[in-house]
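Reading the structure
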Amino acid sequence: MNIAILGGAGIGDLLTQIPLLKKLKSTYPKSQIHLLIIKSQNKELLDRCPYINGYTELDNVYLNVLKTIIKLPKYDLLIQPFPSSKKELILYFLIRSKKKIRYKQINSGNKKMHEIKLDILKKINIPINNEDYKLEVFYDYNKGVINNIFKKLGITSKDFIVCIHVGARSGW
């Protein structure tokens, strides 16, 4: 099965998609899972994710996007797992696929974004259990990039750290 996921390329978008990607890969182990994303600064995370076979970055220029879409294969399944911009909605309708499912704004109650994204698989009768909602991060601990930054700043493992992502969109 050839599966495409159309979505954002921000760090939060990618991290909250991991349970969805993992569940797809475990359900269809021989599938080819491909992300279609607007330009990303998170290539390291994408390159390390074991649940995808590749990704295509779509340019912000409409003409370039159309040229890229024409070259894409026809997918068996296209998933758009979260609310989209007008541009992503247009892409959803232009990308060729035998079956398409997408998130539609509904009352999601107290669900977190990664839960909403994973729950879209229920539309194609894939059962979801509590363990499926687990979040993962793929970081190369051997590089020690973060450890070096912390060391330069005098931060140790005994310090309490709060991280704030100021670039996040509303809805977090």
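Up top is the structure.
First, a word on scope: everything that follows refers to the structure included in this document. Values in this document were obtained by computation on a predicted structure and should not be read as measured data.

Things to note about the sheet that holds strand β1 (residues 2-7)
- Reading across the sheet, the five strands line up as β3-β2-β1-β4-β5 and stay open at both edges, with parallel pairing between neighbours. What marks the edges here is a single partner per strand, and that holds for β3 (54-58) and β5 (97-102). The sheet shows a mean angle of 20 degrees between the axes of neighbouring strands, taken without regard to direction.
- Bridge count for β1 against strand β4 (residues 75-80) is three bridges, and the pairing is parallel. Residue pairing across strands places I3 opposite L77, the latter belonging to β4.
- The sheet strands contacting helix α4 (residues 86-94) are β1, β2 (32-38), β3, β4 and β5, and the helix crosses β5 at an angle near 150 degrees.

Some details on the packing of aromatic side chains
- Tallied over the full model, the rule gives one aromatic pair.
- With 5.2 Å between their ring centres and 85 degrees between their planes, Y92 and F93 make a pair best called edge-to-face.
- Accessibility expressed as a relative area gives 55% for F93, which makes it exposed.
- Sitting above the plane of the Y92 ring, K100 keeps its charged end 5.4 Å from the centroid.
- If you follow R102 out to its NZ or CZ, it ends over the ring of Y92, 5.6 Å from the centre.

Some thoughts on the pattern of salt bridges
- For the coordinates displayed, the defined rule picks out four salt bridges.
- Between K22 and E136 there is a salt bridge, with the nearest N and O atoms lying 3.2 Å from each other. Here K22 is found in helix α1 (residues 11-27), whereas its partner E136 is found in the loop between α5 (113-119) and α6 (145-153), with 114 residues between them in sequence.
- The class for E136 is buried, based on a relative accessible area of 18%.

Concerning the packing of helix α3 (residues 62-71) against α4
- In contact at an axis separation of 11 Å, α3 and α4 are set at 25 degrees when each is read in the N-to-C sense. Taken together, the axes of α3 and α4 are roughly parallel relative to one another. The crossing of α3 and α4 is right-handed. Every residue of α4 that contacts α3 at Y62, V65, L66 and I69 is listed here: K87, L91 and L94.

Some details on the nonpolar core
- In terms of nonpolar packing, the biggest core is built from 29 residues, with I5, L21, L24, L35, I79 and L121 touching the most fellow members.
- Taken together, the elements giving at least two residues each to this core come down to β1, α1, β2, α2 (43-48), β4 and α5.
- Beyond its immediate chain neighbours, meaning those up to four positions away, I5 contacts Q17, L20, L21, L24, I33, H34, L35, L36, I79 and P81.
- Residues L6, L78, L91 and Y92 belong to the second largest nonpolar core, which totals 13 residues.

What counts and how
Residues numbered from 1 in each chain as written. Predicted model: local features only at pLDDT ≥ 70, side-chain atom pairs only at ≥ 80, totals over all residues. Heavy atoms only, no water. Pairing = 2+ DSSP bridges. Helix = DSSP H or I, 4+ residues; strand = E, 2+ residues; numbered from the N terminus. Axes fitted to C-alpha atoms, helices over the stretch in contact; angles between N-to-C directions. Contact = heavy atoms within 4.5 Å. Phe/Tyr/Trp six-rings, centres within 6.5 Å; stacked < 30°, edge-to-face > 60°. Buried < 20%, exposed > 50% of the residue type's maximum accessible area, 1.4 Å probe, protein only. Lys NZ or Arg CZ within 6 Å of the ring centre and 35° of its normal. Salt bridge = Lys/Arg side-chain N within 4 Å of Asp/Glu carboxyl O. Parallel < 35°, antiparallel > 145°, perpendicular 65-115°, else oblique. Left-handed = near helix turned anticlockwise from the far one by under 90°. Core = buried A, V, L, I, M, F, W, Y, C linked by side-chain atoms within 4.5 Å.

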